[in-house]
Amino acid sequence: MTSPTSASAAAGPAHAPWLSYLCLGSSMALVGSYVGLSKLLLAVFPVFLLAWLRFGMAAVAMAGWVRRRPGEAPLSRHDRILLFFESFFGNFLFSICMLFGVGMSSALAAGVIMAAIPAAVAILSRLFLKERILPRVAAGIACAVGGIALVSVVAHGGEDKGSSLLGNLLLFGAVLCEASYVVMGKKLAGNVSAKRISALVNLWGLALVTPFGLWQAWSFSFGAVPAASWSLLLFYSLAASMVTVWLWMTGLRHVPASSAGIFTVLLPISAAVVGVVFLGERISVTQAAAFGLAIAGVLLATWPSRSRQN
């Protein structure tokens, strides 16, 4: 894995590192916001129909991004396989686990559990990229797991009536899907443009969820959906399938995956903020402790070491 300095040099002197960091941070903040706001949409749309409408709206918006740019190399067989699994884990399974999980849980619980993403990235990098996990990273993983365990105990201890064990498990499944998305995305970002990755990954997601979406659309009353819900759905679709993917792939092109992982800390933070500000959720003392433990694990596992910074 290259250092941030060498990655920036490879990207060219005209590219400011802070711009990549801004893209990565903005992407994760948007993901966290729609994780929280999706709870409002789930009160109106069933899960598969919501996912199908999301991918469909985004496919229309990104129709011009599908074609290969002049000078861009054709997709290799390896890239095509990666694009499918990038969508399968990062779009299809992530959306299903996240939507069902949030529906059975709370935005605050989702925020704490999603804080484990950088630790999950470290584990998958060790398994598939053969990267060594330092003791500091192992301690961070332990903190993140402790946060997940604590928020689950809260759910069964009566402090968080909106959460369930199954919901928390589904959210943890979403964590593993997102971690897979990060690891595979680094390989894709070097070969395919960010816009084309966004469009193709979304089309795969649309294809995968279409049978389930049509099944739920058959008996759904679209006329009963208020205008405000359609507006929120449009924001969710463009943010989840278009903007966040493009921002993440743009930033990831110039930043190593290990360094990019730190920005996923903004996902649980923004999800928790949405839960408190827009959904009326309250943070208990135990939830605050769980959230702090998970964030500590994120920082411990992903903060660049002094040797890497020099």
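Computed from a predicted structure; not experimentally measured.

(A) Representation of the side chain of Ser180 within the structure. Its place among the elements puts Ser180 in helix 8 (residues 165-189). Those residues in contact with Ser180 that lie beyond four places of it in its chain are Glu86, Phe89 and Leu124.

(B) How the structure looks around the nonpolar core. Core analysis: the biggest nonpolar cluster contains 75 residues, and Tyr34, Phe45, Met98, Met114 and Tyr236 have the highest contact counts within it. Considering every element that reaches this core, the biggest residue donor is helix 8, with 11 residues. Ignoring sequence-local partners within four residues, the contact set of Met98 consists of Tyr34, Val35, Ser38, Met114, Leu171, Ala174 and Tyr236. Grouped together as the second largest cluster of nonpolar side chains are 5 residues, Ala58, Trp65, Ala199 and Met242 included.

(C) Molecular detail of the confidence of the model for the protein chain. Looking at the protein chain, the pLDDT average stands at 78 and 81% of residues meet or exceed 70. Mean pLDDT in the protein chain bottoms out at helix 1 (residues 4-11), which sits at 36, and peaks at helix 3 (residues 47-61), which reaches 94. Contacts from residues 1-14, a stretch scored under 50 in pLDDT, to residues over four places away or in other chains number 17 contacts.

(D) Up close: the packing of aromatic side chains. A complete count under the given rule lists 13 aromatic pairs for this structure. Seen in terms of ring centroids, Phe92 and Phe212 are 6.3 Å apart; in terms of plane orientation they differ by 35 degrees. Their pairing is tilted. Remark: Phe212 occurs in helix 9 (residues 194-217) and Phe92 occurs in helix 4 (residues 77-104); sequence separation between them is 120 residues. Owing to a relative accessible area of 36%, Phe212 belongs among the partly exposed residues under this scheme. These aromatic residues form a ring-pair network of at least three members: Phe48, Phe84, Phe85, Phe88, Phe89, Phe92, Phe100, Trp204 and Phe212.

(E) Examining the environment of Pro135 more closely. With respect to the helices and strands, Pro135 occurs in helix 7 (residues 135-157). Expressed as a C-alpha distance, the spacing of Pro135 and Leu300, which sit 165 residues apart in the sequence, is 10.0 Å.

(F) Focus on the packing of helix 4 against helix 8. Contact pair helix 4 / helix 8: the axes reach a minimum separation of 8 Å and the direction vectors enclose 155 degrees. Taken together, the axis directions place helix 4 and helix 8 in an arrangement best described as roughly antiparallel. Handedness of the crossing formed by helix 4 with helix 8: left-handed. Taken together, the residues of the contact of helix 4 with helix 8 break down into 19 nonpolar, 6 polar and 4 charged.

About the criteria used
- Residues numbered from 1 in each chain as written.
- Predicted model: local features only at pLDDT ≥ 70, side-chain atom pairs only at ≥ 80, totals over all residues.
- Heavy atoms only, no water.
- Helix = DSSP H or I, 4+ residues; strand = E, 2+ residues; numbered from the N terminus.
- Contact = heavy atoms within 4.5 Å.
- Core = buried A, V, L, I, M, F, W, Y, C linked by side-chain atoms within 4.5 Å.
- Buried < 20%, exposed > 50% of the residue type's maximum accessible area, 1.4 Å probe, protein only.
- pLDDT = per-residue confidence, 0-100.
- Phe/Tyr/Trp six-rings, centres within 6.5 Å; stacked < 30°, edge-to-face > 60°.
- Axes fitted to C-alpha atoms, helices over the stretch in contact; angles between N-to-C directions.
- Parallel < 35°, antiparallel > 145°, perpendicular 65-115°, else oblique.
- Left-handed = near helix turned anticlockwise from the far one by under 90°.
- Nonpolar A, V, L, I, M, F, W, Y, C, P; charged D, E, K, R; others polar.

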